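# Residue-level structure breakdown
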Amino acid sequence: GGEAAAPRLVGIGLGPLTPAAARLVEYHEGEITDYDFVREVVAAARPDRAIHLAALTFGRPENPVDQRFLDVNVHGTRVVCEALLAAGLRPRLLVTSSSAVYGAAREDPITEEAPLRPQTLYAASKACQELVALTYHHAHGLEVVVTRAFNHTGPGEHPHFAASTFAR
């Protein structure tokens, strides 16, 4: 038997990639909320697995009616799901939520059964993101896996986050 081919990685994002990442990923720069753009990338890539990491993660909306958290985190998830359906695909879809959905949890340890008590618009948008993704599972048969990550870190992390501040 021959060696298995390396997986083809296709990504959507904003801004430039690091040189190391650019060697690994077929990258398409654009907005996750742009349905036509996402649909075209998905249709061309035809993924058998999809990892949805796109999110607005910090900051306070600039004014009381600023919808950026909801647009990116909730509508962006809907766009990804709709693009997969439009391409006739049902890949396993990993949706990365956040431990922030638990808010000031009263349970110790926190389990997946703990009630959601989001305390920021970001946390509320991630709870809504989960519901949107799971709706596509129940209504359309997408195989959805939702994770509620606590801290993650890596190269290029915004200085707003604790780990990058400590490293600096």
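Residues numbered from 1 in each chain as written. Predicted model: local features only at pLDDT ≥ 70, side-chain atom pairs only at ≥ 80, totals over all residues. Heavy atoms only, no water.

### Digging into unusual backbone geometry
Inclusion rule: Strands are runs of DSSP state E lasting at least two residues, helices are runs of H or I lasting at least four, and both sets are numbered from the N terminus onward.
Residues Asp 108 and Pro 109 are joined by a peptide bond in cis, for which omega reads 5°. Note on placement: Pro 109 falls in the loop between strand S4 (92-98) and helix H4 (121-140). Despite not being glycine, Arg 46 has its phi angle at roughly 50°, a positive value. Take Arg 46: it is sitting in the loop between helix H2 (35-45) and strand S3 (49-52).

### Considerations on the confidence of the model for the protein chain
Rule in force here: The pLDDT value tells you how sure the predictor is about a given residue, anywhere from 0 up to 100.
With 90% of its residues at a pLDDT of 70 or more, the protein chain has an overall mean of 88. Considering each helix and strand of the protein chain separately, the mean pLDDT is smallest for helix H5 (residues 162-167), with a value of 72, and largest for H2, with 98.

### Here we look at the side chain of Thr 77
Quick reminder of the rule: Polar contact is the term for a pair of N or O atoms within 3.5 Å; when the atoms are in protein, one must be able to donate a hydrogen and the other to accept it, and sequence-neighboring residues count only if both atoms are side-chain atoms. In this analysis, two residues are considered to be in contact whenever any of their non-hydrogen atoms come within 4.5 Å of each other.
Here Thr 77 lies in helix H3 (residues 68-86). Looking at Thr 77, its side chain comes within polar contact range of the side chain of His 52, at 2.9 Å. Apart from the residues lying within four places of it in its own chain, the contact partners of Thr 77 are His 52, Val 72, Gln 129, Val 132 and Ala 133.

### So, the sheet that holds S4
Whether parallel or antiparallel, the strands of a sheet pair through hydrogen bonds between backbone atoms. Quick note on the threshold: Only strands joined by at least two bridges in the DSSP assignment are considered to pair. Here, axes are lines fitted to C-alpha atoms. For helices the fit covers the stretch in contact, and angles between N-to-C directions go from 0 to 180 degrees.
Strand order across the open sheet formed by three strands is S3-S4-S5, with parallel pairing between neighbours. Only two strands of the sheet have a single neighbouring strand rather than two, namely S3 and strand S5 (143-149). For this sheet the average axis-to-axis angle between neighbouring strands, irrespective of direction, equals 20°. The pairing of S3 with S4 spans four bridges and is parallel. Paired with Arg 49 across the two strands is Arg 92, which belongs to S4. Along the sheet face, H4 touches S3, S4 and S5 and points at about 160° away from the line of S4.

### Regarding the side chain of Gln 129
This is how it is decided: Only protein chains enter the accessibility calculation, which uses a 1.4 Å probe. A residue is then buried if its area is under 20% of the maximum for its type, exposed if over 50%, and partly exposed in between.
Along the chain, the position of Gln 129 falls in helix H4. Relative accessible area serves as the criterion here: at 0%, Gln 129 is assigned to the buried category. Polar side-chain contacts of Gln 129 include one of 3.1 Å to the side chain of Thr 77. Among residues more than four places away in sequence, those in contact with Gln 129 are His 52, Ala 54, Asn 73, Val 74, Thr 77, Val 95, Thr 96 and Ser 97.

### Examining the nonpolar core
Here is the rule: Residues grouped as a nonpolar core are buried Ala, Val, Leu, Ile, Met, Phe, Trp, Tyr and Cys residues, joined through side-chain atoms within 4.5 Å.
Grouped together as the largest cluster of nonpolar side chains are 23 residues, with contacts concentrated most on Val 38, Val 42, Leu 84, Leu 93, Tyr 136, Leu 142 and Val 144. Elements with a contribution of two residues or more to this core: H2, H3, S4 and H4. Broken down by element, the residue count for this core peaks at eight residues, all from H3. Among all residues touching Leu 93, those that are not within four sequence positions of it are Ala 50, His 52, Val 80, Cys 81, Leu 84, Glu 143, Val 144 and Val 145.

### Notes on the pattern of salt bridges
Pairs can form between side chains of opposite charge whenever their charged atoms are close. Heads up, the condition is: What makes a salt bridge here is a side-chain nitrogen of Lys or Arg within 4 Å of a carboxyl oxygen of Asp or Glu, nothing more.
As enumerated under the stated definition, the model contains six salt bridges in all. With a closest N to O distance of 3.6 Å, Arg 117 and Glu 107 form a salt bridge. In this pair, Arg 117 sits in the loop between S4 and H4 while Glu 107 sits in the loop between S4 and H4, placing the two residues 10 residues apart along the sequence. Taking relative accessible area as the criterion, Arg 117 reaches 21% and is therefore assigned partly exposed. Take Glu 107: its relative accessible area is 27%, and that puts it in the partly exposed class. As a salt-bridge pair, Arg 148 and Glu 130 come within 2.6 Å of each other at their nearest N and O atoms. Of this pair, Arg 148 sits in strand S5 while Glu 130 sits in helix H4; the two residues are 18 residues apart in sequence, bridging distant segments of the chain. Accessibility expressed as a relative area gives 24% for Arg 148, which makes it partly exposed. With a relative accessible area of 4%, Glu 130 lands in the buried category.

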